[in-house]
Each structure stands twice: as C-alpha cells, then as structure tokens.
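# Understanding the architecture of this molecule
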Amino acid sequence: MELRESILSVLDTLLEEFPPSEREEWKDFLIALAEHSEDREKLREFLAVPLGNLLSSTAPLDFLAGVQKIRNRVQNFPLIPVLEEAIAALSRIFEEKNRLIRDLREILSQLAVPVIDIWEGVVLLPLIGTLDSERAQRMTEVLLNAIADRKSRIAIVDVSGLPFIDTAVGAHLVEAFSAVRLLGAEVVLTGIKPEIAQTLVKLGVGFEVTIQRDLQEALLYSISLLRRRKEERRRATENLETS
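This text gives an overview of the structure that appears in the document. Here the residue numbering is sequential within each chain, running from 1 through the sequence in written order. The model is predicted, so local features are restricted to residues of pLDDT at least 70 and side-chain atom pairs to those at 80 or more, both for listing and for counting; the totals for chains, interfaces and linings are taken over all residues. Hydrogens and water are ignored here; the side-chain numbers use all heavy atoms of the structure.

Before going further, it helps to examine the overall build of the protein chain. Across its full length, the protein chain carries nine helices and five strands. Numbering goes from the N terminus for both helices and strands, where a helix is a DSSP run of H or I of at least four residues and a strand is a run of E of at least two. Seen in sequence order, the protein chain has helices and strands lined up from the N terminus as α-α-α-α-α-β-β-α-β-α-β-α-β-α. Of all 243 residues assigned to the protein chain, the portion counted as buried reaches 40%. Long-range pairs, those at least 24 residues apart, make up 69% of the contacts in the protein chain with a sequence separation of at least 6. Areas reported as accessible are Shrake-Rupley estimates using a 1.4 Å probe. Residue values count occlusion only from the protein chains shown. As displayed, the protein chain has an accessible area near 14700 Å², and 54% of this comes from carbon and sulfur atoms. Summary of the burial criterion: residues with accessible area below 20% of their type's maximum are buried, those above 50% are exposed, and those between are partly exposed, where the area comes from a 1.4 Å probe applied to protein chains only. Any two residues whose heavy atoms approach within 4.5 Å are treated as being in contact.

Structure representation (structure tokens):
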C-alpha cells in the first residue's frame, strides 16, 4: 500500500508532459509495473491488461518515446526506485525489439531488390511492385555492388512487374544506369509497358540503355553480345601475336 501511495503521489507530476487523453492508461500501466516488478515470473500477466489498453491508443514508437521520457523524469523521484528500475528494464526491452525490427526491415529491403546470376557475366534485376525513391536508391546500391563483386558485364533490368514509374523514380533509374556504365557494364532494359515507356523517353533513358521486348530476348541478346565480344578479343590477341 505504501508503494502504491508513493507512486500515486508523483504520477500527476511525472505525466504532466503527456496528453490528458493518455494519462489514465499510463497511470494504470506504471502502477502495475511498479507493484509487480519484483515478481518477474508473473509480471507479463499483471501487465497484460494495462499494457494492452495503453498500446491500443498509442503507436509503438510513441510508446517507446513515452517510456524514455518517463525514464528520464523518474530519476527526480527517489521515493520510487523500483519504478525507475522497472522503467529502465522495459526501455531496454523495447530498444532491443526496435533493433530487431530495423534489422528485419534491412533484410526485407535486400530481398525486395534481388540480383540474380542468370548467365556467366550477366545479372538480372527483376523489379516487382511499387518502386518509390527510397527503394530505387536501394536498388541502385544493390545492383552496383553486385556488378562490382561479380565482375558482371551486362545487367538485365526487368520492369515488367512495375505498375508504373513516375518522373522522380525514373530519374533514379537514369542515374543507376549511368553508374552501371561507369563500372564498365551494359544495361539491358526489358518488360517496358507503354505508360512506363513514355516516362522513360521523357527522361532520355532510351539513349543510354539497350531495350529488349521481353526477358527471353534480353537474355539471348546478352549471350550473343558476350560471345561476340569474346570472339573479338580472341581475334585481337591473334593479330597481336602474328604482328
């Protein structure tokens, strides 16, 4: 009872920076947290209802920010050290969960722009779904790293899975294609829809890349080009040896 009274005596001051609509949920949660923090085996059970009520009206990131705010302020109230300890532990838990969420988003981001070895010296980048500026930037990084690591000579970019491309994303593609050429590789663009073609023409993409109707034609073109270049190098070597 003494613990509860000591907490209640400072909660209004502790939560004065929170919106009035959220204070009652925070009060119930903090009281339950302080009263049962030492019983770690049953803490989840005791917190289930107040935490559920709180999260139903508070976004996860806002909740974490609120925990951090309370953690900073609770140090001014030495009468409730158990609450300070519980808040610190809770903050660490949510920080770890946030780190895991960030790692998961990074993995999903990499999976969203897969670069596939489709032939010796040829990589394929199939673009599927909505392509926004952030994903386009990630696509550029993944593609350039793949070309550099695998020493690829041709990058086939298949846009048949994209519903549309706006001018901002189209500009990212132009930059990506230019960067690919600077690495000594060639871009073969395929799967272009009429509406995408109009956007790319306005941005001058057609003058920087090779266009093929579909993935099959793009692959046949790439294989033919690599063989032709290999034959040219062989002839050049023979000419040097005989001269």
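More follows now that the structure is in view.
Strand pairing is assigned whenever DSSP identifies at least 2 bridges connecting the two strands. The mixed open sheet is built from five strands, whose spatial order is S1-S2-S3-S4-S5. Two strands in the sheet have a free side with no partner beyond their single neighbour: strand S1 (116-119) and strand S5 (210-212). Taking the axes of each pair of neighbouring strands and ignoring which way they run, one obtains an average angle of 30° across the sheet. As a rule, the C-alpha atoms of each element are fitted with a line to give its axis, helices using only the stretch in contact, and angles between N-to-C directions run from 0 to 180 degrees.

Glancing now at the pairing of strand S4 (residues 186-190). The element S4 is extensively covered by neighbouring structure, given that five of its five residues are classed as buried. On S4, burial covers both faces: Glu 186, Val 188 and Thr 190 on one face and Val 187 and Leu 189 on the other are all buried. In terms of strand pairing, strand S3 (residues 154-161) meets S4 through five bridges, oriented parallel. Counted as the bridge partner of Ile 156 is Val 188 from S4. Crossover handedness is defined here as right-handed if the route from the first strand over the helix to the second strand goes clockwise, with the strands pointing away from the viewer. The β-α-β motif built from S3, the intervening helix H7 (residues 167-182) and the parallel element S4 has right-handed crossover chirality. Two elements, S4 and S5, share three bridges in a ladder whose sense is parallel. Within S5, the residue paired with Val 188 across the bridge is Thr 210.

A separate point is the nonpolar core. Core analysis: the largest hydrophobic core is formed by 27 residues, its most contacted members being Leu 127, Leu 143 and Val 157. Counting residues per element, the ones that place at least two in this core are strand S2 (122-128), helix H6 (133-150), S3, H7, S4 and helix H8 (194-202). Among the elements that make up this core, the one with the highest residue count is H6 (six residues). Not counting chain neighbours up to four residues away, the residues in contact with Val 157 comprise Leu 125, Leu 127, Leu 143, Phe 177, Val 187, Val 188, Leu 189 and Thr 190. Note on terminology: a nonpolar core comprises buried Ala, Val, Leu, Ile, Met, Phe, Trp, Tyr and Cys residues joined through side-chain atoms within 4.5 Å.

Our focus in this paragraph is H6. The span expected for a helix works out to 1.5 Å for each residue beyond the first. Compared with the 26 Å implied by 1.5 Å per residue over 18 residues, the 26 Å span of H6 between its first and last C-alpha is a close match. Along H6, the residues that are buried comprise Arg 135, Ala 136, Arg 138, Met 139, Thr 140, Val 142, Leu 143, Ala 146 and Ile 147.

Turning next to the pattern of salt bridges. Salt bridges, as used here, are contacts in which a Lys or Arg side-chain nitrogen is within 4 Å of a carboxyl oxygen on Asp or Glu. This structure, assessed with the given rule, holds six salt bridges. Arg 234 is paired through a salt bridge with Glu 231; the nearest N and O atoms lie 2.3 Å apart. Of the two residues, Arg 234 and Glu 231 both sit in helix H9 (residues 215-242), three residues apart, roughly one turn of that helix. With relative accessibility at 27%, the residue Glu 231 sits in the partly exposed group. Where salt bridges share partners, they join Glu 231, Arg 234, Arg 235 and Glu 238 into one cluster.

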